[in-house]
Amino acid sequence: MLSVALTLALAMVALALALSLWRLMRGPSTPDRILALDTLYINTIALLVLFGIRQQSQIYFEAALLIALMGFIGTLALCKYLLRGDIIE
Amino acid sequence: MELLYAFSVGLLTACGVYLTLRGRTFPVVLGLTLISYAVNLFLFAMGGLLPGRAPILSEVGTEYADPLPQALVLTAIVIGFAMTAFVTMLALKARAEDGHDGVDKEAPR
Amino acid sequence: MLLAILLTLVVGPPLVAWLARFGRLNAAWGAGAVTLAAAYALWPALQGAMAGETQLQRIAWLSAQGLDLHFRLDGLGLLFVLLILGIGLLVILYARYYLTSRDSMGRFYAYLLLFMGAMLGVVLSENLIQLLIFWELTSLASFLLISYWQGRSDARNGARMALAITGAGGLALLGGFLLLGEMAGSYELSVVLASGESIRAHPLYTPMLVLILLGVFTKSAQFPFHFWLPNAMAAPTPVSAYLHSATMVKAGVFLLARLFPALSGTPEWSWLVGGAGLVTLLVGAVVALFQHDLKGLLAYSTISHLGLITLLFGIGTPLAAVAGVFHIINHATFKASLFMAAGIIDHECGSRDMRYINGLWKYMPHTAILAIIASAAMAGVPLLNGFLSKEMFFAEAVGAATQLRLGWLLPAAVTLAGIFAVAYSLRFIHDVFWNGEPIGLDRTPHEPPRWMKVPVELLVILCLAVGIFPSYVVEPLLRVAASGVLQGPMPSFSLALWHGLSPAMWMSVIALVGGISLYIARAPLFEIYARLAERPGMYRRAHHLLERLYLWAGAVTRLSTPERLPHMALWVLLFAMTLALTGALQAGAELQGGRTLLPMDLLGVVTTLVLALAAIATVLLYRQRLVALTLLGAVGLVVSLIFVRFSAPDLALTQLSVEVVSIVLLLLALYFLPQQESRATSPWVVRDLLIALLAGIGMALLTFAVLSREGQSISGFFLEQALPGGGGANVVNVILVDFRGFDTLGEITVLALAALGIYGMLDGIKLQGPEADSDGRRWDPDLYPPVVATLSRLLLPLALLVSMFILMRGHQLPGGGFIAGLITAVALVMQYLANGVAWTQARLPRNHHWLITLGLSLATATGLGSLLFAHPFLTSTFQHLHWPLVGDFELASAMLFDLGVYLVVVGATLLILVNIGLMHRESHTPLTDAEEEV
């Protein structure tokens with residue numbers, strides 16, 4: 001039962017990944033793309049957690065944690081650039 | 001799976017090489033970053049692909065992925081960042097001194 | 001012996017340079033102290049050598065490869081050590097008064113000690129290759145010292161010429177040594193010296209001899225390579241006294257003496273060495289007389305005397321070798337004191353031209369007396385040391401003459417050189433101290449400071465003491481040194497003033513009388529010489545040759561290097577691809593190996609697809625730079641996913657952190673670069689695409705070929721030893737901080753250097769950022785949106801906690817110093833982003849250099865700590881502790897090392913990002929006072 005659910009979830013997250021990438025490539029505006037990248041980060045977190053459950057290993061969870069943290073900061077930097085250009089001022 | 005991996009490395013290399021051959025600094029930096037991805041993946045592949053066998057010793061584990069390429073690539077990633085930063089700084093310096101962002105002394109066409 | 005060399009070569013230079021920051025005279029004191037310390041360190045060995053022992057000291061390094069540090073001290077070494085340290089000390093004292101307040105004392109003494117250490121290395125080496133390394137070091141130190149006054153073109157040219165000539169000689173010497181080592185079967189001097197018979201009988205003896213002699217002749221300024229020495233006189237006079245009369249130029253004759261038992265005794269040796277010596281002796285003596293520059297006269301006289309010593313070794317009898325050693329001692333004492341006297345005169349008159357400086361006796365009688373005694377010794381006047389060795393030389397010349405056809409020519413030529421030597425010595429005395437009044441000096445000369453004369457006085461007293469009581473003062477040392485040269489029975493000789501009316505005595509008398517007459521009748525000779533001198537000399541010709549070489553080198557560089565970077569990159573790529581292709585064709589193996597491949601799964605296909613699309617989109621959209629950057633972020637994300645997938649959690653964590661740091665970095669840079677590129681069509685697109693595609697296909701095939709094969713790995717050792725040996729379960733981290741800790745130390749050093757390099761490049765850079773974004777909208781006036789600011793402040797402790805967690809557990813589970821350092825750096829950079837520079841800098845240290853220093857020191861200290869427990873560098877240890885509440889916890893010394901790594905990574909990343917970010921604070925919207933106060 002769990003394996004079926006996991007496979008299904010993985011497939012859906014993979015689809016989400018592809019769709020986020022589509023947005024990232026298409027745009028049309030830069031904020032769209034930044035948002036798409038952020039969503040891509042979130043999708044990856046989901047993917048890692050699901051994958052960790054399937055492999056029955058906790059090792060993947062730190063990577064997920066780190067993506068959460070780093071993804072936020074990356075998005076922050078991109079947004080700041082969009083607003084001010086100069087990100088450290 | 002190995003085919004997909006090899007394809008990825010090749011594609012990253014191709015994209016990196018193309019961008020590195022451009023005449024302005026920013027694409028060159030992007031290209032170098034792509035090439036370093038490819039090289040890191042390539043070096044990592046020297047240990048073979050083994051899913052689900054991280055080299056963290058445990059009582060139950062018997063077979064582990066090769067840790068040596070991983071250790072090498074880990075430092076390579078960090079040094080790669082330092083090198084990217086250095087090249088970027090060179091690009092900024094060149095921009096300040098030449099007044100354009102081409103990789104050569106003369107402005108790119 | 002190693003200690004003395006280390007003191008002068010490694011410890012001394014930085015020490016005096018550092019001391020000079022606290023007052024320039026400290027450098028002189030420091031240099032003196034270092035020299036004395038080196039002498040103290042060598043003292044027991046020197047006493048042993050004086051007793052006639054040959055002492056060897058071997059410091060094991062890579063013994064398996066035959067690479068050890070191997071030192072040797074025997075009589076010959078003893079003599080040279082005394083010269084190097086003794087005259088070195090006097091020169092240090094002298095230079096303290098010679099250098100003016102405009103000259104950097106720290107730099108001078110640092111170079112001087114560098115030279116001293118290198119020279120000690122030359123005379124104390126047992127291994128030939130090691131000797132050559134020190135030999136080259138003396139050339140480099142000499143280059144630095146000659147060009148000490150960098151602002152003067154003659155100093156730069158002279159230094160360059162000296163380096164070119166002695167460097168070329170060093171190359172020849174290397175060839176000679178390699179041949180010699182192969183012939184003797186060993187590069188150890190003991191073996192080489194003992195196998196003279198077989199060396200001389202070897203078919204390659206002549207080429208080997210020629211190569212070694214090229215090295216010797218260039219170093220000791222023998223004709224026709226003598227011309228660099230007069231031009232090296234652009235160096236400060238203490239340098240000329242030390243390097244170019246007493247020590248460095250003696251390195252050549254030292255080598256002749258050193259290899260004398262192995263190489264001498266063949267006709268080739270006699271003709272080559274003796275011939276070069278004789279010609280140099282004559283040319284030097286004649287040209288010296290006609291120099292107007294005081295130091296020029298001394299330089300040519302030095303050349304002539306070096307020729308004399310070379311000729312003595314060329315004659316090849318044991319007694320001639322003794323005379324050669326004796327003259328080395330005597331020449332060093334009188335010539336160093338003469339150079340110092342010339343320096344005093346230059347210092348007091350502001351000129352060294354003998355046409356203008358005359359009649360100084362009135363102004364500086366004390367200096368005059370010293371200079372007169374020293375130049376009398378140079379002329380070979382009885383009761384002075386120069387007389388004794390010269391007479392031995394004359395006697396040897398007469399002795400050698402009996403064995404040659406037309407042998408009488410040799411004593412005749414030698415006497416002629418003696419006549420000129422007397423004449424130029426007389427000129428040095430008469431022209432400078434009498435001969436009318438000084439002409440056109442801008443100051444009135446007077447005696448120099450008291451202590452400036454002390455070194456000269458000491459050397460002149462030595463000249464007198466040796467000259468009057470040779471058997472007491474110098475004979476013991478001479479015997480020991482000569483036995484070191486001969487490595488066998490000593491010939492009988494007596495150092496007496498009076499040997500009866502021998503031919504040598506008559507030659508001395510002729511030289512003295514002839515020299516005085518020559519000087520009196522000099523006027524017409526000077527006219528002839530002036531006419532001859534208009535023709536381009538050796539130096540000028542060599543100079544032109546060198547210039548032309550530079551031009552050729554430039555042309556070759558231009559030919560082989562395209563001017564544009566893309567073309568250059570293309571050549572490199574094509575070359576690499578051709579190599580790879582030929583390699584692959586030659587190997588001729590199947591593309592696919594025997595390993596069973598992993599099955600493809602959905603996840604793999606999707607990630608590959610995402611990666612491919614993102615990478616291709618980066619290339620397609622690279623002109624819109626911000627977009628390309630976000631796409632690059634996606635590529636990096638997928639790469640870290642691949643690392644996770646194939647069991648490399650550490651790599652994934654590192655890649656993720658680096659990804660964000662890179663994005664911040666590129667955003668910082670992008671602000672100063674054009675946001676977009678115009679869509680100019682490049683004619684090379686198709687070609688570049690083709691090349692890129694080929695490179696990609698090559699890499700893909702190579703990767704596949706590797707992946708489909710079973711490989712052999714040395715990692716079994718690491719996996720087995722990680723827990724029992726390194727005390728960590730995370731093998732990757734154990735490799736980094738323990739097994740290959742030395743590599744990691746190198747890596748963080750590189751990181752630190754890159755950060756410092758970037759910091760250095762930021763100095764004085766001025767760039768203006770755009771006023772509006774790429775769509776022409778003005779920047780948002782809200783500098784620090786409160787939501788983001790608050791959130792990021794809240795996130796900081798959390799992020800730091802994560803980084804601490806990752807750092808502490810790195811030895812057991814994925815993590816470690818590199819990753820934790822990046823996370824901390826990113827968390828701190830986030831504060832700069834969200835709260836601004838002023839807010840952050842009020843709360844965090846502004847200076848990141850000390851973090852790097854602390855980290856590097858900690859990592860190095862951890863490594864050095866194991867030395868205290870008599871383990872090799874970077875041996876780690878670990879201990880299991882039970883902490884209340886936390887539970888069992890393992891403490892490994894490698895974790896301290898990891899902490900060092902962590903600090904360096906934090907420091908370097910912050911240094912890079914924050915300083916690039918701060919670059920344009922001035923050029924951007926100026927902060928108002930109110931904001932500044934926040």
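Everything that follows concerns the structure shown earlier in this document.
Residues numbered from 1 in each chain as written. Chains lettered and ligands numbered in written order. Predicted model: local features only at pLDDT ≥ 70, side-chain atom pairs only at ≥ 80, totals over all residues.

K.L.:
If you had to explain the overall build of chain C to someone new, which residues and values would you point to?
P.N.:
Helix and strand content of chain C: 39 helices and 4 strands. Along the first, second and third principal axes, the C-alpha atoms of chain C reach 110 × 70 × 70 Å. Each of the 934 residues in chain C was classed as buried or not, and the buried ones make up 52%. Look at the contacts in chain C between residues 6 or more apart in sequence, and 78% of them connect residues 24 or more apart. (Helix = DSSP H or I, 4+ residues; strand = E, 2+ residues; numbered from the N terminus. Buried ≥ 20, exposed ≤ 12 C-beta atoms within 10 Å, placed from the backbone. Contact = placed C-beta atoms within 7 Å.)

K.L.:
Please give an account of the packing of helix α3 (residues 75–98) of chain C against helix α4 (residues 105–124) of chain C that cites residues and values.
P.N.:
All names here are of chain C. Axis separation between α3 and α4 bottoms out at 9 Å; the angle between their running directions is 170°. When the axis of α3 is compared with that of α4, the two are roughly antiparallel. Residue-level inspection shows Gly77, Phe80, Val81, Ile84, Gly88, Ile92 and Ala95 of α3 in contact with α4, the latter providing Phe108, Leu112, Met116, Met119, Leu120, Val123 and Leu124. Its residues assigned to classes, the contact of α3 with α4 comprises 12 nonpolar, 2 polar and no charged. (Axes fitted to C-alpha atoms, helices over the stretch in contact; angles between N-to-C directions. Parallel < 35°, antiparallel > 145°, perpendicular 65-115°, else oblique. Nonpolar A, V, L, I, M, F, W, Y, C, P; charged D, E, K, R; others polar.)

K.L.:
An account of the environment of Val664 of chain C is needed here, citing residue identities and associated values.
P.N.:
Following the sequence through the fold, Val664 of chain C ends up in helix α29 (residues 649–670). Here the alpha-carbon distance between Val664 of chain C and Thr54 of chain C, two residues 610 residues apart in the chain, equals 65 Å. Discounting chain neighbours no more than four positions away, the residues touching Val664 of chain C are Ala77 and Ile87 of chain A together with Val829 and Leu913 of chain C.

K.L.:
Lay out the pairing of strand β1 (residues 55–62) of chain C in plain terms, naming residues and giving numbers.
P.N.:
Residue and element names in this part refer to chain C. In terms of residue burial, β1 counts as a barely covered element, since only 0 of its 8 residues are buried. Note that β1 and strand β2 (residues 67–73) share 7 bridges and pair antiparallel. Across the sheet, Ile59 pairs through a bridge with Leu69, a residue of β2. Joining the antiparallel neighbours β1 and β2 is a turn of 4 residues, in which Gly66 adopts a positive phi near 70°. (Pairing = 2+ DSSP bridges.)

K.L.:
Outline the interface of chain C and chain B, listing residues and values.
P.N.:
Facing the 94 residues of chain C at the interface are 76 residues of chain B. Within the side of chain C that touches chain B, the residues separate by chemical class into 69 nonpolar, 16 polar and 9 charged.

K.L.:
For the nonpolar core, give the residues involved together with the corresponding values.
P.N.:
Residues and elements named next belong to chain C. If you look at the biggest cluster of nonpolar residues, it comprises 217 residues, and the most contacted ones within it are Leu145, Ile146, Val325 and Ala374. The biggest single contributor to this core is helix α16 (residues 318–349), with 19 residues. The residues touching Ile146, leaving out its near neighbours within four places in the chain, are Ala155, Gly158, Ala159, Ala162, Ala232, Ala234, Ala235 and Val239. (Core = buried A, V, L, I, M, F, W, Y, C linked by C-beta atoms within 7 Å.)

K.L.:
Go over helix α20 (residues 450–468) of chain C, please, and point to the residues and values.
P.N.:
Residue and element names in this part refer to chain C. Under the 1.5 Å per step criterion, the end-to-end length of α20 is 27 Å for 19 residues, consistent within 8% with the ideal 27 Å. All buried positions along α20 are accounted for by Met452, Lys453, Pro455, Val456, Leu459, Val460, Leu462, Cys463, Val466 and Gly467. Its buried side turned inward, α20 meets α3, α16, α17 (365–379), α18 (385–401) and α21 (470–473). (Expected span 1.5 Å × (residues − 1).)

K.L.:
Hey, could you go over helix α2 (residues 24–50) of chain C for me, with residue numbers and the actual values?
P.N.:
Residues and elements named next belong to chain C. For α2, spanning 27 residues, the distance from its first C-alpha to its last is 37 Å, which sits close to the expected 39 Å at 1.5 Å a residue. Roughly 50° is the biggest bend found in α2, and it falls at Trp43, with proline Pro44 one to four residues downstream. For α2, the complete set of buried residues consists of Ala27, Ala28, Gly30, Ala31, Val34, Thr35, Ala38, Leu42, Ala45, Leu46 and Ala49. Of the surrounding secondary structure, the elements contacted by the buried residues of α2 are α1 (2–19), β1, β2, α3, α4 and α22 (475–486). After α2 finishes, the residue Gly52 shows a positive phi value of roughly 95°. (Bend = angle between axes of the 7 residues up to and from the residue.)

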